[in-house]
Amino acid sequence: MNDKPARRFPAALPQSTPAPKTLRPQAPLQHAARDAAQQHRPSGIGLDSAAVRLALVQRLRAEFHCHEAVCQAMREVQRHLFVDSALATQAYEDTSLPIGLGQTISKPSVVARMLSLLHEGASARRTGSLGRVLEIGTGCGYQTALLARMAQRVLSVERLKPLHDKARANLGEQRASHIRLVYGDGRLGHPPNAPYDSIIAAAGGHDLPEAWLQQLADGGRLVAPMQAAQGRGQALLVVDRQGDDYRRTLHEAVHFVPLKSGIE
Ligand code: SAH
């Protein structure tokens, strides 16, 4: 998805966390990752260095109020292993990157923001875990790997077979424990494993699929990019379920790939 400068959505009300200062491409963040890489170059430490990821996370923590569990997961997961090797040197910059078939891996600050919002849902706050997660749009599997570190189990749906296969390869043995990848239309959710304490979408639609609301557990939270009112682009939508009550909150503007129907 996202590499357009995101404007604050004017109707952003009420927010459970301080909104990030800005979601503009972060020059200092890029510099931090590059500086960390450069500092260590003489000793031969490369992209797999924890120092490079730490520099990224420190910026996310300071500038984007990244939830501690999210920061920790981002320190652990090696983003460069999820992108084409030709793009690996950009993996710790705050930028989105192509993953093939016209799709993109979201930039780290947006991923951190969405996962932090998810972590502030009622049941996640109560239990300290994202619980049972439904992810729509597996892509290359990077966010799935992050989710897996914060959840009881993750079920991730992807509609493009080559990306579903790519994520399968990228996630490798990590999948064995509690990640399940499904090739299908995520607009339908995945009823066999419902309900879900946390639902997150990496593609933006014009409407909120009814299936997602039905499959959201009581006390659960959904975070998804959604087409805002006419001509206003996409904004992050948060839905909290308490019994039969679904409370919707719109947050800042974002720019995600479209949520499509069917499989390819
Ligand atoms: N979070 C992902 C980014 C994925 S980009 C990552 O870390 O790589 C968004 C993904 O949503 C694309 O792979 C796209 O194919 C997928 N997508 C779009 N509509 C979908 C649908 N209805 N069901 C499942 N996946 C969908």
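Criteria and thresholds
Residues numbered from 1 in each chain as written. Predicted model: local features only at pLDDT ≥ 70, side-chain atom pairs only at ≥ 80, totals over all residues. Heavy atoms only, no water. Helix = DSSP H or I, 4+ residues; strand = E, 2+ residues; numbered from the N terminus. Axes fitted to C-alpha atoms, helices over the stretch in contact; angles between N-to-C directions. Parallel < 35°, antiparallel > 145°, perpendicular 65-115°, else oblique. Left-handed = near helix turned anticlockwise from the far one by under 90°. Contact = heavy atoms within 4.5 Å. Nonpolar A, V, L, I, M, F, W, Y, C, P; charged D, E, K, R; others polar. Buried < 20%, exposed > 50% of the residue type's maximum accessible area, 1.4 Å probe, protein only. Polar contact = N/O pair within 3.5 Å; in protein donor to acceptor, adjacent residues only side chain to side chain. Core = buried A, V, L, I, M, F, W, Y, C linked by side-chain atoms within 4.5 Å. Near = heavy atom within 4 Å. Areas by Shrake-Rupley, 256 points an atom, 1.4 Å probe, with all protein chains shown as cover. 1 Å grid on protein atoms, 1.4 Å probe; cavity = no way out; pocket = protein on both sides within 12 Å on 5 of 7 lines; lining within 4 Å. Sits in = over half its atoms within 2 Å of the grid points. Phe/Tyr/Trp six-rings, centres within 6.5 Å; stacked < 30°, edge-to-face > 60°. Lys NZ or Arg CZ within 6 Å of the ring centre and 35° of its normal. Pairing = 2+ DSSP bridges.

Draft legend 1. Unusual backbone geometry, seen in detail. Between Ala194 and the following residue, Pro195, the backbone shows a cis peptide bond with an omega angle of 5°. Note on placement: Pro195 falls in the loop between β5 (179-183) and β6 (196-201).

Draft legend 2. Fine view of the packing of helix α2 (residues 50-64) against helix α4 (residues 108-119). The N-to-C vectors of α2 and α4 enclose an angle of 60°; their axes lie 11 Å apart at closest approach. It follows that α2 is oblique to α4 by the angle criterion. For the pair α2 and α4, the sense of crossing is right-handed. Between α2 and α4, the contacting residues are Leu56, Leu60 and Phe64 on the first element and Pro108, Ser109 and Ala112 on the second. For the contact of α2 with α4, the residue count by class is 5 nonpolar, 1 polar and no charged.

Draft legend 3. Just the side chain of His251, in detail. Mapped onto the elements of the fold, His251 is located in strand β9 (residues 245-254). For His251, a relative accessible area of 1% gives the class buried. A distance of 3.4 Å separates polar atoms of two side chains, one belonging to His251 and the other to Arg113.

Draft legend 4. A look at the nonpolar core. In this structure, Met74, Leu115, Leu130, Tyr142, Leu146 and Leu147 are the most contacted members of the largest nonpolar core, which totals 50 residues. For this core, the elements supplying multiple residues, two or more each, are α2, α3 (68-76), β1 (97-100), α4, α6 (142-148), α7 (161-171), β5 and β8 (234-242). Considering every element that reaches this core, the biggest residue donor is α4, with 7 residues. Those residues in contact with Met74 that lie beyond four places of it in its chain are Arg53, Val57, Leu60, Pro108, Val111, Ala112, Tyr142 and Leu146. Core analysis: the second largest hydrophobic core is formed by 21 residues, Val182, Ala201, Ala224 and Met226 among them.

Draft legend 5. Geometry of the site of the ligand. Cys140, Glu158, Asp185, Gly186 and Lys260 are the nearest of the 27 residues found near the ligand. A distance of 3.0 Å separates an oxygen atom of the ligand from a polar backbone atom of Cys140. Within the contact set of the ligand, a nitrogen atom lies 2.9 Å away from a side-chain nitrogen or oxygen of Asp185. If the ligand stood free it would expose 570 Å²; the protein chains cover 99% of that surface. A majority-of-atoms criterion places the ligand in the largest cavity. Mapped onto the shell around the ligand, the elements with two or more residues apiece are β2 (103-105), α6 and β4 (153-158). By residue class, the composition of the shell around the ligand is 13 nonpolar, 9 polar and 5 charged.

Draft legend 6. Looking closely at the packing of α2 against α3. Remark: α2 packs on α3, axes separated minimally by 9 Å, with the N-to-C direction vectors making an angle of 160°. One way to sum up the angle between α2 and α3 is to call them roughly antiparallel. Note on packing geometry: the crossing formed by α2 with α3 is right-handed. Only Glu68, Cys71, Met74, Arg75 and Glu76 of α3 make contact with α2, whose side of the interface consists of Arg53, Leu54, Val57, Leu60 and Arg61. Taken together, the residues of the contact of α2 with α3 sort by class into 5 nonpolar, no polar and 5 charged.

Draft legend 7. Looking closely at the packing of aromatic side chains. Per the stated rule, a full pass over the model turns up 1 aromatic pair. Between the aromatic rings of Phe82 and Tyr142, the centroid separation amounts to 5.8 Å while the plane-to-plane angle is 70°, which identifies the pairing as edge-to-face. One end of the pair, Phe82, is in the loop between α3 and β1; the other, Tyr142, is in helix α6, with 60 residues separating them in the sequence. Of the two residues examined, Phe82 and Tyr142, each falls in the buried class. Taking NZ or CZ as reference, Arg79 lies 5.8 Å from the ring centre of Tyr142, over its face. In this structure, Lys161 packs its charged tip against the face of Tyr183, placed 5.9 Å from the ring centre.

Draft legend 8. Spotlight on the sheet that holds strand β7 (residues 216-227). Strand order in the open sheet formed by 7 strands is β5-β4-β3-β6-β7-β8-β9, and the pairing between neighbours is mixed. Each edge of the open sheet carries a strand with a single partner, namely β5 and β9. Averaged over all pairs of adjacent strands, the angle between their axes in this sheet comes to 15°, without regard to strand direction. In this structure, strand β3 (residues 132-136) lies alongside β4, joined through 5 bridges in parallel fashion. If you follow Glu135 over to β4, its bridge partner there is Ser156. Along the sheet, α4 makes contact with β6, β7, β8 and β9, crossing β7 at roughly 155°. Here α7 sits on the sheet and contacts β4 and β5; the angle it forms with β5, its principal contact strand, is near 160°.

Worth remembering: the numbers are spatial, not functional.
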